[in-house]
Amino acid sequence: MLHGDFKHAVESCNLALRAAESSLPVNHPDHVESWNLLGSIRLRTGDVHRAEEAYDQAMKLCKTLPMGSTRITNVNSNLAVLYQETGRLQLARAIFEEVLRNRLKAFSTNHVKIGDAKNALGNVYQSLGWYDQAELQYMEALRIFSRHVDVNGLSVMKNWASLAEARQDFAQADQIRGDIEAFAKGIFPPGHIAIAEAELGRFASLFALGKIEEALKISQRYLLAAHENLKTAAE
């Protein structure tokens, strides 16, 4: 989505919120989703301060909802992302752990919502330098997504590969990147740019392992695939 599209989305969300408030009391819990969505859009545009204001407003309305409501969990998840992106890692960690606890009460242990929560928690653990805890969350999230052949499994594997690189375990990173490539080939059609991007992910680990020639071949194949995709898009 382009910046202009985000601006239009913010304006549309504001209009929808004003329309809803004209028919319902301003403190009605049905406004939670509107404030939550507005916060997410503002965060994507880089307006962090106003995004946090929107999330805070959503959380105030959540006080009228029953404990464990999915609305509360959704707002908390987005607020935790904001905290993580602004370096407030311990606040993000505490919220992501609470989100996981609430989702475990609401969903089966193999539900994709649990996988999402574990992946998010793994990310903040990695940012804190808690690599062992992060890896455990990624492994559990990947186990869940592999049962559903879910595209979110790619996100988990990319995060796990980044963790291996942070540890400078480039052999493990390359192995995971290879799994990412295989996974991408299983869910995308041949020639899809996502497959080329997955293969390109191995470049850094191969280079660090001294496999320069193989790394260069991968970069060349990626450039060729990107060129072909641009040609197809232009036609």
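Because the structure is predicted, anything quoted here is derived from the model rather than measured.

### Overview of the overall build of the protein chain
Point 1. Of regular secondary structure, the protein chain possesses twelve helices and zero strands.
Point 2. Reading the helices (α) and strands (β) of the protein chain from amino to carboxyl end gives α-α-α-α-α-α-α-α-α-α-α-α.
Point 3. Within the protein chain, buried positions represent 41% of all 235 residues.
Point 4. Pairs at least 24 apart in sequence give 50% of the contacts found in the protein chain among residues at least 6 apart.
Point 5. Accessible surface, the protein chain as shown: approximately 12,800 Å² in total, 55% of it carbon and sulfur.

### Here's the deal with helix α8 (residues 152–166)
Point 1. Taking 1.5 Å per residue, 15 residues should reach 21 Å; α8 reaches 21 Å between its end C-alpha atoms and fits that length.
Point 2. If you check which residues of α8 are buried, you get Gly153, Leu154, Val156, Met157, Asn159, Trp160, Ala161, Leu163 and Ala164.
Point 3. Contacts from the buried residues of α8 go to α6 (112–128), α7 (131–148) and α9 (170–187).

### Focus: a nonpolar patch on the surface
Point 1. A cluster of nonpolar side chains, Phe207, Ile212 and Leu216, forms an exposed patch at the surface whose accessible area comes to about 250 Å².
Point 2. Residue Ile212 is classed as partly exposed on the basis of its relative accessible area, which comes to 33%.

### Observations concerning the side chain of Thr73
Point 1. Structurally, the position occupied by Thr73 is in helix α4 (residues 70–85).
Point 2. A relative accessible area of 6% places Thr73 in the buried class.
Point 3. Non-local contacts of Thr73, meaning those with residues more than four positions away in its chain, are made with Val99, Asn102 and Arg103.

### Some words on the confidence of the model for the protein chain
Point 1. Per-residue confidence for the protein chain gives a mean pLDDT of 85; residues scoring 70 or more make up 86%.
Point 2. Helix α1 (residues 3–23) is the least confidently modelled element of the protein chain, averaging 58 in pLDDT, while α6 averages 96, the highest of any element.

### Concerning the packing of aromatic side chains
Point 1. Counting across every chain of the model gives two aromatic pairs.
Point 2. Each ring, one from Tyr125 and one from Trp130, has its centre 5.6 Å from the other, and the planes form 35 degrees; the classification is tilted.
Point 3. By relative accessible area, which is 8% here, Tyr125 ends up buried.
Point 4. On the basis of relative accessibility, which here comes to 30%, the residue Trp130 falls in the partly exposed class.
Point 5. Arranged with centres 5.8 Å apart and planes meeting at 25 degrees, the rings of Phe203 and Phe207 form a pair that is stacked. With a gap of four residues between them, Phe203 and Phe207 both fall in helix α11 (residues 202–208), about one helical turn apart.

### A short note on the packing of helix α2 (residues 32–44) against α4
Point 1. Two elements in contact, α2 and α4, have axes separated by 10 Å at closest approach and are oriented at 20 degrees. By the criterion of interaxial angle, the relationship of α2 to α4 is roughly parallel. Between α2 and α4 lies a crossing whose hand is left-handed. Residues Val32, Glu33, Asn36, Ser40 and Leu43 of α2 pack against Arg71, Asn74, Val75, Asn78, Val81, Leu82 and Glu85 of α4.

### Things to note about unusual backbone geometry
Backbone phi values are negative for most residues with the exception of glycine, while trans is the configuration of most peptide bonds.
Point 1. With a phi angle near 65 degrees, Gln168 is a residue other than glycine that sits in the positive phi range.
Point 2. Inspection of the secondary structure puts Gln168 in the loop between α8 and α9.
Point 3. On the basis of relative accessible area, Gln168 is assigned to the exposed category, the value being 62%.

### Some points on the pattern of salt bridges
Point 1. Inspection of every chain in the model, using the stated rule, returns 13 salt bridges.
Point 2. In this structure, the salt-bridge partner of Lys118 is Glu140, at a minimum N-O distance of 2.5 Å. Taken together, the positions of Lys118 in helix α6 and Glu140 in helix α7 put the pair 22 residues apart, joining distant regions of the chain.
Point 3. Each of Asp132, Glu135 and Arg167 takes part in a single network of salt bridges with overlapping partners.

What counts, and where the lines are drawn
Residues numbered from 1 in each chain as written. Predicted model: local features only at pLDDT ≥ 70, side-chain atom pairs only at ≥ 80, totals over all residues. Heavy atoms only, no water. Helix = DSSP H or I, 4+ residues; strand = E, 2+ residues; numbered from the N terminus. Buried < 20%, exposed > 50% of the residue type's maximum accessible area, 1.4 Å probe, protein only. Contact = heavy atoms within 4.5 Å. Areas by Shrake-Rupley, 256 points an atom, 1.4 Å probe, with all protein chains shown as cover. Expected span 1.5 Å × (residues − 1). Patch = residues over 30% accessible without salt bridge, like charges linked within 9 Å, V, L, I, M, F, W, Y side chains within 5 Å. Salt bridge = Lys/Arg side-chain N within 4 Å of Asp/Glu carboxyl O. pLDDT = per-residue confidence, 0-100. Phe/Tyr/Trp six-rings, centres within 6.5 Å; stacked < 30°, edge-to-face > 60°. Axes fitted to C-alpha atoms, helices over the stretch in contact; angles between N-to-C directions. Parallel < 35°, antiparallel > 145°, perpendicular 65-115°, else oblique. Left-handed = near helix turned anticlockwise from the far one by under 90°.

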